[in-house]
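If you want the building blocks of each chain, they are given just below.
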Amino acid sequence: MANFILKNLLSRVELQREKLKDYRNIVLVQILIVVFGLLLSEPIIEDSKSDLSKFIISVFSFFAATYAFLLWDLLRNFTDSRWLIISILVILGGVVIVGILGEFPYYQLIHISDRQTYLLFLHGFLFPVEITVISFALRDIFSGGFMTSDKLWGAACIFLMMGISFGSLYDLISIARPGSLGQTFELGFPNYSECVTYSFCILGGIDPGLEPVRLIRNISVLEAVWGGLYGMLIIGKLLGLPRAENENQ
């Protein structure tokens, strides 16, 4: 009986360490994605065909592909469902492959006759995956009786993931209806970067300087309320938990 308890304890410690590593990796990539989206979007908006723009898009595509893999890797910590894990892997793998084949800036490997439908397809599959991972991560953060390092990194990961996923949703809407953000941007990275910028402005309580359509404006209210509520809940939850004495980071 004692050996069984010890084995379970070791398994929990190993799982906690794995989650901590995965959360840290995702936060790092999320920061890089947000920085690229916020600071390096201007040359792409001005001229997406320039050499500098092509380089930025290539680097961003690498980070996006890495982010997709890390989301799947994180999901494996939360569920034993093989069909869900395999399904998410197939979806993310398909999105990454099709996205690279169609968006590689130096040489377009596949010809896209209807770019709007193509982008709707990519984001239409990506957004539900992001929501699925967020839901599992939220359940993980708010479970357990001790405050551990993986929960702190998980809280940061979820917050950044919310900003990116809402950005994906705004991008999806503006792809279906160009100009929904208040201005018309070139579909693809230029539009996506503006949507991510808009999303984090909403989360940060900053005026984005745009006048989007009513649908995006209403979703923005939900994002702002959810962001504030999440902050209060996560602070109340984590500060109210005792720190695990046997935590070994």
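Coordinates for the structure precede this section.
Residues numbered from 1 in each chain as written. Predicted model: local features only at pLDDT ≥ 70, side-chain atom pairs only at ≥ 80, totals over all residues. Heavy atoms only, no water.

Undergrad: What is the right way to look at the overall build of the protein in this model?
TA: Across its full length, the protein holds eight helices and zero strands. Each helix (α) and strand (β) of the protein, taken in turn from the N terminus, gives the series α-α-α-α-α-α-α-α. Classification of the 249 residues of the protein by burial places 46% in the buried group. Taking contacts inside the protein between residues at least 6 apart in sequence as the whole, the part at least 24 apart equals 76%. Of the roughly 13200 Å² of accessible surface on the protein, 66% is carried by carbon and sulfur atoms. (Helix = DSSP H or I, 4+ residues; strand = E, 2+ residues; numbered from the N terminus. Buried < 20%, exposed > 50% of the residue type's maximum accessible area, 1.4 Å probe, protein only. Contact = heavy atoms within 4.5 Å. Areas by Shrake-Rupley, 256 points an atom, 1.4 Å probe, with all protein chains shown as cover.)

Undergrad: Is there a simple way to think about the layout of surface pockets in this case?
TA: Left-over empty space is what a probe sized like a water molecule reveals as it rolls over the atoms. Empty space within the largest pocket amounts to approximately 640 Å³. Taken together, 29 residues line the largest pocket, and the ones lying closest to its centre are F60, S61, A64, G99 and L122. Looking at the lining of the largest pocket, the elements with two or more residues in it are α3 (51-75), α4 (82-103), α5 (115-141), α6 (149-176) and α7 (189-204). Broken down by class, the residue content of the lining of the largest pocket amounts to 21 nonpolar, five polar and three charged. (1 Å grid on protein atoms, 1.4 Å probe; cavity = no way out; pocket = protein on both sides within 12 Å on 5 of 7 lines; lining within 4 Å. Points joined across faces, edges and corners; volume = space filled by probe spheres on them. Nonpolar A, V, L, I, M, F, W, Y, C, P; charged D, E, K, R; others polar.)

Undergrad: What is the right way to read a nonpolar patch on the surface from this model?
TA: A grouping of L52, F55, I100, F104, Y106 and Y107 is seen on the molecular surface, where their side chains present a nonpolar patch of about 640 Å² in accessible area. Structurally, Y106 can be placed in the loop between α4 and α5. Judged by relative accessible area, which is 45%, Y106 ranks as partly exposed. (Patch = residues over 30% accessible without salt bridge, like charges linked within 9 Å, V, L, I, M, F, W, Y side chains within 5 Å. Salt bridge = Lys/Arg side-chain N within 4 Å of Asp/Glu carboxyl O.)

Undergrad: For this particular structure, what's the right way to read the environment of S220?
TA: Among the secondary structure elements, S220 is positioned in helix α8 (residues 214-239). C-alpha separation for the pair S220 and Y170, spaced 50 residues apart in sequence, amounts to 9.1 Å. Leave out the neighbours within four places in its chain, and S220 touches Y170, Y198 and I202.

Undergrad: What is the right way to look at α6 in this model?
TA: An α-helix turns once per 3.6 residues; consequently, residues spaced three or four apart project the same way. Look at α6: 41 Å from first C-alpha to last across 28 residues, which is about the 40 Å you get at 1.5 Å a residue. In terms of burial, α6 is largely enclosed, as 23 of its 28 residues are buried. (Expected span 1.5 Å × (residues − 1).)

Undergrad: Please clarify how the packing of α5 against α6 should be interpreted in this entry.
TA: For the pair α5 and α6, the least separation of the axes is 9 Å and the interaxial angle reads 155°. In terms of their interaxial angle, α5 and α6 are classed as roughly antiparallel. Here the hand of the crossing between α5 and α6 comes out left-handed. Per-class residue counts for the contact of α5 with α6 are 17 nonpolar, six polar and five charged. (Axes fitted to C-alpha atoms, helices over the stretch in contact; angles between N-to-C directions. Parallel < 35°, antiparallel > 145°, perpendicular 65-115°, else oblique. Left-handed = near helix turned anticlockwise from the far one by under 90°.)

That's the geometry; what it means functionally is another story.
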